[in-house]
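Now for the letters of each chain:
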Amino acid sequence: MRDFSYVRADSIEAARKATALPGAMLLAGGTTLVDLAKCGVAQPETVVDITHLKGLDTISVDAGRATLGALAKMSHVADHAGIKSHFPAVSEALWQAASAQLRNMATVGGNLMQRTRCPYFRDPSNFSACNKREPGSGCSAIGGVTRGHAVLGTSQACIAMYPGDLATALVAFDATVHLGQRVLKVDDFFLLPGDTPEREHDIRAGEMITAIEIPGSAAARRSTYLKVRDRQSYEFAAASAAVGLELEADGRTIRDLRVALGGVATKPWRARAVEEALKGKVLDEDTVRKASGLAMEGAVDHGANHYKIELAPRVVARAILKLGETA
Amino acid sequence: MTVHNIRHANTRHADSRHGDASDGAVGGRLSRVDGPAKITGAAKYAFEQQLDGLAHAVMVEATIAAGTVRAIDTRAAETAPGVLLVLTPDTIMEIKGASDWLGNPPTQKTYSPLARTVTYSGQHIAAVVAETFEQAVAAAALVEVSYDETPAIVDLSDAKAGDGIPIDVMTKEWGDAEAAFAAAPVRICAAYNTQREYQAAMEPHGLIARWQGEELTIWEPSQWLDGMARTYAEWFGVPFENVRLVSPYIGGGFGSKALALAHSAVAAASAKMLGRPVKLVLTRPQNFTSYGGRAATRQTVTIGAGRDGKIQSIVHRGVNETAVDGMWVEPLASVTSIMYATPNFSSKQNVVRVNTVVPGAKRAPGENPSAFGIECAIDELAYEVGVDPLEIRLRNYAEQDPEAKKAWSTRQLREAFAAGAERFGWSKRSPKPRSMRDGHQLIGWGVAAGTYPVRRAYGEAIVRILADGSVEVESSSIDMGQGTYTILAQTAAETVGVPADDVVVKLGDSRFPRAGVAGGSRLAGVMTGAVYKAATSALDQFVGLAISDPRSPFHALQANTLVVANGRITAPRGDGPDVSIAELLASVGRDRIEATGDTMPANSSAEDRYKNYTTIATSVPHTEGDYSRHSWCAHFIEVRVDEDFGTVRVSRVVSALDSGRLYNPKLAESQWKGGIIMGIGQALLEEGIVDRRHGRIVNNNLADYLVPTNADIPDIEVISVGIPDLHSSVLGGKGVGELAIVGVAPAIANAVFHATGKRVRDLPITLEKLI
Amino acid sequence: MTDQTTSITIPIHLTINGRDHSLNVEPRVTLLDALRDRLDLTGTKKGCDHGQCGACTVHVDGERVLACLTLAAQVEGREITTIEGLAGADGTLDAVQAAFLEQDAFQCGYCTPGQIMSAVACIREGHAGSDDEIREYMAGNLCRCGAYPNIVAAVRQAALEVAS
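Bear in mind that the values here come from a model prediction, so they are computed numbers and not experimental data.

Counting secondary structure elements, chain B contains 15 helices and 33 strands. Whereas a compact globule of 771 residues would reach a radius of gyration of roughly 28 Å, chain B reaches 27 Å, a difference of no more than 12%. Sequence-distant contacts in chain B: of pairs separated by 6 or more residues, those separated by 24 or more amount to 79%. Accessible surface, chain B as shown: approximately 25100 Å² in total, 51% of it carbon and sulfur. When the 75 positive and 87 negative side-chain charges of chain B are each reduced to one mean point, those points stand 3 Å apart.

Right, dumping it as structure tokens:
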């Protein structure tokens, strides 16, 4: 790890100002920054420690909305009674992410800034080509070991998969991220790689995530996060789905449906085609399975990750059907 | 037979905190005597010693798989803060060639642990030593290397790999296997593949090296102190006695920590060059390329059988990968040739050179992949002839060793099948694939057998009876979790006649009496034998003094013998004095009784002894004499396969195992469960994945090379069906540590077939193979 | 060759197991390396150095975290507890430690301090309610010896003792 200087911010304003220092990076939970600094991927010149800031870790929830301070720990949000009852998919996405220790460290704001697990991105000494790390250097992943790479939202420049769980749930429920002056939909906060895979988020110099807001809804109240992976726990998703469901009074017709995918795309992936295909339809297994296939519209595989195209619609379908059974 | 079920183990037993007297005897369930140090953080592992002036070294590895190093630019690294030394092939001190683990003399006069010619990605080419770890890491990143790259052979499936080199000594043949196969009414032929798997011990490899004049002390996790000390002595041209290897606790080895490796040489060389102690710990990624995991293997198994499922012929062909510049043979027929009775048999094996680090020993090398082939193949035969997979194994039961044509010393495999099947409920199995389900989960039940030979060798120990009545045991053998500390305490306690709490066992220092490698599940049998012998000799001396020394309170008794039990000495009929060991020693004016026990043949020379402890050349064959000696096991495993996702989860395991007599069932059961769990990882998760363009393992870390987590493991029930086997060891035990992994992967693959109707012959069984 | 040490260190004060420690370290020094290399607290283990194994689990302000991804400078003013601080001052073992010994919940012992620190927190968090919950909430601590079933038994036993 390259040496850096250390600044402890004592106010949000000080933290924002410190980000203007050359090579400055914010340190929250550290689970991405310290890890990537050890990999030689992150090379901060100044680390701005915001973990001692007061008042940024609050969690407030009512039926109308949840507001999560940027420094709220993933574990605390996962275990919060209001989140569990009003936004179960958010709680489930969180407790299935990482490990208990990492969830005690990682903050929800920091989690939005989590970087890809692409092994080529993470190993600069062996793989010099990585457009995300070094724009214009090429992509080592294309033509390489691609089992964990994205099938949706990829570009010629980058096929790195977005690995997070929380943001997948946030995108499904139209959450917003507060950056001080600006408030963005989480869906818009994450950028597609296109020709600029080094830009992953719509965040500007001097901005800092201060809060995440999730609007309440009937679909959010009846929601789940289904995560499929090789290992039972402590692993990133092979494919996952955050799904919320609202039925009409008849108990079988779909009024509202939210579907977002994790583990298969370059960013948290809202599957609106599935939602639109099923809204107004009677919930039955065949209909749901057929519509779930729409989640993969435009998918492109790179060999070893082809299975994701088969797997992801099944994950979506099972999540919807599971919610249907709980009627 | 005893049934040990974790569900029953919750209730407090008598064996709990300290163990009672019977737990301290051989065969008792004494809790680990090294446990208190390990649960409080007090146990200092080898490279955790805190030394004054300690410098920190970090290795720099090759980023190509084949070629030559054109130049190494060290200027930036040398001027980086805190840097003390940058080592390259040009600047490292001369190191001599050392003999190999068989004792064969070196082929090269000098040894360069830093490579100029690169034969695999990750090979060490430079090193940086600095004042602090952080400085060394940062400076190592500044070393710039340029290469002339040549094409690499990346793995067994590389078109350039070819058919490899026949290993004639691996050929096993009897009868006319080809003809019998051609004539058989039922024929099975399939190919089975296992991938590169890694030991992935939680403690990384590393060491601290310190020179004091011509004396070298190495603190390094080691499965073989004396063998590694020999290597260091030869490398640096100092007498064997000048090298002290210290390895008090080992954070897992699984076969990987028996040899001094290139990074070890670099640490010792830099310590000598700097005149300061140097610590070098490999990063987790470096642990995937600095020594070999299990070689990738390919096997074809053909079975010719009658319609009744009785085997008439087995033809087996195997291939394992090895390195371009090193030889590793993973004996792929070691189970194939002995598990089932067959009148005709043929097995041949090749090795194929690829650009990898030399593969190495991982838990049950040979037996493990071998069992995957034959135990899947016989399952396929069972379905082919419509016979229950358990029944077909009994129908082909080998009543004697089919290869050696000798009687088994003991073989409780039939008992294992019976006990396991009973406990598992095998009779309730619905035979048809895909016929058992629970909602979206397809349920499958599979069975497979395993075996591991009894490897015997010789060992040495000192037993001292001390003035305070305690007993001290010393040996340069080691405890990496098998329980050596504990079972040697039990052996000494029972033999001398003191409570186990009064025994102190000291291991892990090459200054102690010698021991061979802790590998091949031999150490417990070897060392209990040596300690038994030493303790018996110490006891004899002690009783002899009590009888004959005029100052002894027993002198007047004119007894032929005396009884020592629970730390006290009495006459056999209890009709004389009753004194403590301490009191007796005081009365005869002795502060200790000491005896060395050694199980070497009596006429062994000093050279024989040196060779025995520092090479593996003197192991006693398991088929020596009239018997064939092996441990045996049967695994019954239930899997649940999600029909949509293809994910396989093991939901139930019942294994019945024959390791002979267990010196400590509590610890043996733990090792068995550990082997089963490693087998679950092998079956479902573990695979070193190579980038074929770079010839490099890309999942070289614990997030991407998946080992099982707690959440992947169900309750595991292990049943001991062993009986004492005195042909195998002095106290009747057979091997424990490697046995239980053998047969797990095929039991799971067989269960997956039963669940899904899909036969997966390539490990690991990942979800994309089932959707 | 130089032996310059121009790296810039900063003074930090850490409270570990109820004791105050002052040290000068570079800002990049992790809590794990500070414990192991500077404070002779080697009970906290380094297995992967990247948050992938759990061997370095310690408590910060009572919650389990990974020392390998925590900068030492970051935890000034926090209460840090390591395995060395778990037993009572008189050496009385924590219920989890005792249960690990009784259930033989370890073999090589290298992951064990992390397992125990994790288990103490797991019980405190209320995540030891069933075997499946224990398995999930202990999944962040890898054990290559495969002591998992015994770890579950130990956590279950300790949880019952703590509750009673």
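Attention now moves to the domain arrangement of chain C. Residues and elements named next belong to chain C. Partitioning chain C into domains gives domain 1 (10–85) and domain 2 (95–163). Computed over C-alpha atoms only, the centres of domain 1 and domain 2 are separated by 21 Å. For the pair domain 1 and domain 2, the summed buried surface comes to about 1300 Å²; carbon and sulfur atoms form 53% of the total. On the domain 1 side of the contact with domain 2, His-59, Arg-64 and Ile-83 bury the most area, a combined 47% of that side's loss. Across the pair Arg-64 and Glu-125 runs a salt bridge whose closest N-O atoms are separated by 2.8 Å. The interface formed by domain 1 and domain 2 contains 9 residue pairs in polar contact (both at pLDDT 80 or more). Each residue belonging to the side of domain 1 that touches domain 2 can be placed in one class, and the counts come to 3 nonpolar, 9 polar and 4 charged.

What follows is about helix α5 (residues 88–95) of chain A. Burial analysis of α5 of chain A places 7 of its 8 residues in the buried class, which makes it a mostly covered element. Listed as buried for α5 of chain A are Pro-88, Ala-89, Val-90, Ser-91, Glu-92, Ala-93 and Leu-94 of chain A.

We now examine unusual backbone geometry. Cis rather than trans, the peptide bond between Leu-763 of chain B and Pro-764 of chain B has omega equal to -10°. With respect to the secondary-structure elements, Pro-764 of chain B resides in the segment after α15 (744–756). One non-glycine residue with positive phi stands out, namely Ala-98 of chain A, at about 50°. As for its position among the elements, Ala-98 of chain A is in the loop between α5 and α6 (100–105). The class of Ala-98 of chain A is partly exposed, set by a relative accessible area of 29%. At Asp-61 of chain C, a residue that is not glycine, the phi angle is positive and equals roughly 50°. A relative accessible area of 43% means that Asp-61 of chain C is categorised as partly exposed.

Rules used in this analysis
- Residues numbered from 1 in each chain as written.
- Chains lettered and ligands numbered in written order.
- Predicted model: local features only at pLDDT ≥ 70, side-chain atom pairs only at ≥ 80, totals over all residues.
- Heavy atoms only, no water.
- Helix = DSSP H or I, 4+ residues; strand = E, 2+ residues; numbered from the N terminus.
- Rg over C-alpha atoms; globule rule 2.2 N^0.38 Å.
- Contact = heavy atoms within 4.5 Å.
- Areas by Shrake-Rupley, 256 points an atom, 1.4 Å probe, with all protein chains shown as cover.
- Lys, Arg positive; Asp, Glu negative; His and termini not counted.
- Charge placed at Lys NZ, Arg CZ, Asp CG, Glu CD.
- Domains from an automatic or database assignment.
- Buried area = accessible area lost by both parts, 1.4 Å probe.
- Salt bridge = Lys/Arg side-chain N within 4 Å of Asp/Glu carboxyl O.
- Polar contact = N/O pair within 3.5 Å; in protein donor to acceptor, adjacent residues only side chain to side chain.
- Nonpolar A, V, L, I, M, F, W, Y, C, P; charged D, E, K, R; others polar.
- Buried < 20%, exposed > 50% of the residue type's maximum accessible area, 1.4 Å probe, protein only.

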